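Structure at a glance
These are the residues of each chain, in order.
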Amino acid sequence: GTLTIHQRDLAARIVAAFDLVGVPPRSLPLSPKPVLVAVEGMGECLQHDWYPELVGSMQHLANCTRPDLAQAVSTLARYSKAPREAHWHAALNVLRYVSGTLSRGITYCRDAPAYDAFCDANYGGDVDSRRSTTGYVFMMSGGAVSWQSKLQATVAVSTCEAEYQAAGAAIREAVWLRKLLPELGVDVSGPLTLKGDNQAAIALLHNPMSTTRSKHIDIVHHFGRERVLRGEVAFEYCASKDNVADCLTKPLPAAGWLPCLVGMGML
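Since the structure is predicted, the reported quantities are computational estimates derived from the model, not experimental observations.

Thoughts on the overall build of the protein
For the protein, the helix and strand inventory stands at eight helices and seven strands. A globule of 267 residues ought to have a C-alpha radius of gyration of about 18 Å, and the protein, at 19 Å, matches this closely. Buried positions account for 47% of the 267 residues belonging to the protein. Put simply, 75% of the contacts in the protein that link residues at least 6 apart link residues at least 24 apart. Of the roughly 12,800 Å² of accessible surface on the protein, a fraction of 54% belongs to carbon and sulfur atoms. For the protein, the separation between the mean place of its 25 positive charges and that of its 25 negative charges on side chains is 2 Å.

The following block contains the structure:
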């Protein structure tokens, strides 16, 4: 059998509150272009409180039942202190996407794989700070159960370091899930496997080596390597096109967006 979890009534109330009922929907929450930045070219600063209200309303959806909104809402939240016209229009476009997908939710299927997980990073994707974005998603029975799209706390100096930081965040979540899953009847006698698309980061996780490119990495990020070496978590390589977490790190065109939705149990 299958089970679908969504918050259709809440989403409909948000759409109605911002007077977007009947407005043509969008097929993507955020477009890859133009790239949002803090000030230059973003128009006048808004003089009302609608922007943080709208973003805050959508955050509940993104955190609870709509992983497809996580990256867009996380990006919009960065501009809540001083939003401008372009940020407001981008937020309305996300809500137009919500209005066209009110019945969408996470679907779990008894016949789907019991467990799967992906992590990814968008190196230097935030134009203002040049920090990278971490994205990870854990699935059970074909549907997402835990996900995150978050700006990294420090600036990574290479793609490998950005992916290594993302892997560390995913591993921390995996360690928690490893303690929870036995209570749900899932066997975790072996390591939990995560999939990533950066060979250098995976090599760094499996080998306690220090190079000129990695010796500066903060100790907090080596937590992941320790858990891999202890056999609690394992990492496997997957091609970028198969990495479901890709949609949690940056806006994607439709060709890359739809496979991620399928992978998270959203289609």
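Now that the structure has been shown, we can carry on.
Overview of the pattern of salt bridges
If you walk through the whole model with that rule in mind, you get eight salt bridges. The shortest N-O distance in the salt bridge between R66 and D68 comes to 2.9 Å. The residues R66 and D68 share a single accessibility class, namely buried. In this structure, the salt-bridge partner of E232 is R230, at a minimum N-O distance of 2.9 Å. Since its relative accessible area comes to 49%, R230 is described here as partly exposed.

Considering the packing of aromatic side chains
As enumerated under the stated definition, the model contains four aromatic pairs in all. Pairing W50 with W88 gives two aromatic rings, centres 6.1 Å apart and planes at 40°, and the pair type is tilted. Taken together, the residues W50 in helix α2 (residues 50-64) and W88 in helix α4 (residues 85-99) connect sequence positions 38 residues apart. Three or more aromatic residues link up through ring pairs in this structure, and these residues are F18, W50 and W88.

Concerning the environment of S146
Of note, S146 is situated in strand β5 (residues 143-151). Overall, the relative accessible area of 9% leaves S146 in the buried class. Along the primary structure S146 and L261 are separated by 115 residues, whereas in three dimensions their C-alpha atoms are 14 Å apart. If near-sequence neighbours (up to four positions away) are discounted, S146 is found in contact with Y136, V137, F138 and E173. At 2.5 Å, the side chain of S146 and the side chain of E173 are in polar contact.

How each quantity is defined
Residues numbered from 1 in each chain as written. Predicted model: local features only at pLDDT ≥ 70, side-chain atom pairs only at ≥ 80, totals over all residues. Heavy atoms only, no water. Helix = DSSP H or I, 4+ residues; strand = E, 2+ residues; numbered from the N terminus. Rg over C-alpha atoms; globule rule 2.2 N^0.38 Å. Buried < 20%, exposed > 50% of the residue type's maximum accessible area, 1.4 Å probe, protein only. Contact = heavy atoms within 4.5 Å. Areas by Shrake-Rupley, 256 points an atom, 1.4 Å probe, with all protein chains shown as cover. Lys, Arg positive; Asp, Glu negative; His and termini not counted. Charge placed at Lys NZ, Arg CZ, Asp CG, Glu CD. Salt bridge = Lys/Arg side-chain N within 4 Å of Asp/Glu carboxyl O. Phe/Tyr/Trp six-rings, centres within 6.5 Å; stacked < 30°, edge-to-face > 60°. Polar contact = N/O pair within 3.5 Å; in protein donor to acceptor, adjacent residues only side chain to side chain.

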